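Geometric and topological summary
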Amino acid sequence: CRSVYGAFAGSLPAFHAPDGSGYRLIADAILTIDPKNSTVAAGMANSFKHYMRLPARNKAAMKTELDRISETPNLSRGLREIISKTLQQS
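Right, let's walk through the structure included here.

Criteria and thresholds
- Residues numbered from 1 in each chain as written.
- Predicted model: local features only at pLDDT ≥ 70, side-chain atom pairs only at ≥ 80, totals over all residues.
- Heavy atoms only, no water.
- Helix = DSSP H or I, 4+ residues; strand = E, 2+ residues; numbered from the N terminus.
- Expected span 1.5 Å × (residues − 1).
- Buried < 20%, exposed > 50% of the residue type's maximum accessible area, 1.4 Å probe, protein only.
- Arc of directions from axis to C-beta.
- Contact = heavy atoms within 4.5 Å.
- Phe/Tyr/Trp six-rings, centres within 6.5 Å; stacked < 30°, edge-to-face > 60°.

**Focus: helix α6 (residues 77-88)**
Here α6 is twelve residues long and its end C-alpha atoms lie 16 Å apart, about the 16 Å a rise of 1.5 Å per residue gives. If you check which residues of α6 are buried, you get Leu 79, Ile 83, Thr 86 and Leu 87. For α6, the angular spread of buried residues about the axis comes to 95 degrees, placing them on one side. Within α6, the exposed residues directed more than 90 degrees away from the buried face are Arg 77 and Gln 88. Tucked into the core, α6 has its buried residues touching α3 (21-33), α4 (38-45) and α5 (56-70).

Now the structure itself:
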């Protein structure tokens, strides 16, 4: 999982698709993986760490996904910490 999704998140055109679908794909993967392997999910959440450096349209789409992850009940502690720190940048 980490290799495939990590490669995708490293692909600037695909990950930063104008419609936010790249962010949504990674957020979905994080939420699916977290209950099974919280360490991998937390590592994948680092894909969002440059959130504040993005153009406004991308930032808004990424924030939507960060908020969606953050509002999910029963997140692992590590994932919640990474998402919270990322959102605090705003």
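**As for the side chain of Thr 86**
With respect to the helices and strands, the residue Thr 86 is situated in helix α6. Of the residues examined, Thr 86 reaches a relative accessible area of 5% and is grouped as buried. Residue contacts for Thr 86: discarding those within four places in its chain leaves Phe 48, Lys 49, Tyr 51 and Leu 66.

**Describing the packing of aromatic side chains**
Under the defined criterion, the tally for this structure stands at two aromatic pairs. Arranged with centres 5.0 Å apart and planes meeting at 90 degrees, the rings of Phe 15 and Tyr 23 form a pair that is edge-to-face. For the pair shown, Phe 15 and Tyr 23 are each scored as buried. Taking the centre distance of 5.9 Å and the plane angle of 40 degrees together, the rings of Phe 15 and Phe 48 count as tilted. Of this pair, Phe 15 sits in helix α2 (residues 12-15) while Phe 48 sits in the loop between α4 and α5, placing them 33 residues apart in sequence. Accessibility classification places Phe 15 together with Phe 48 in one group, the buried group. Cluster of aromatic residues (ring-pair linked, three or more members): Phe 15, Tyr 23 and Phe 48.

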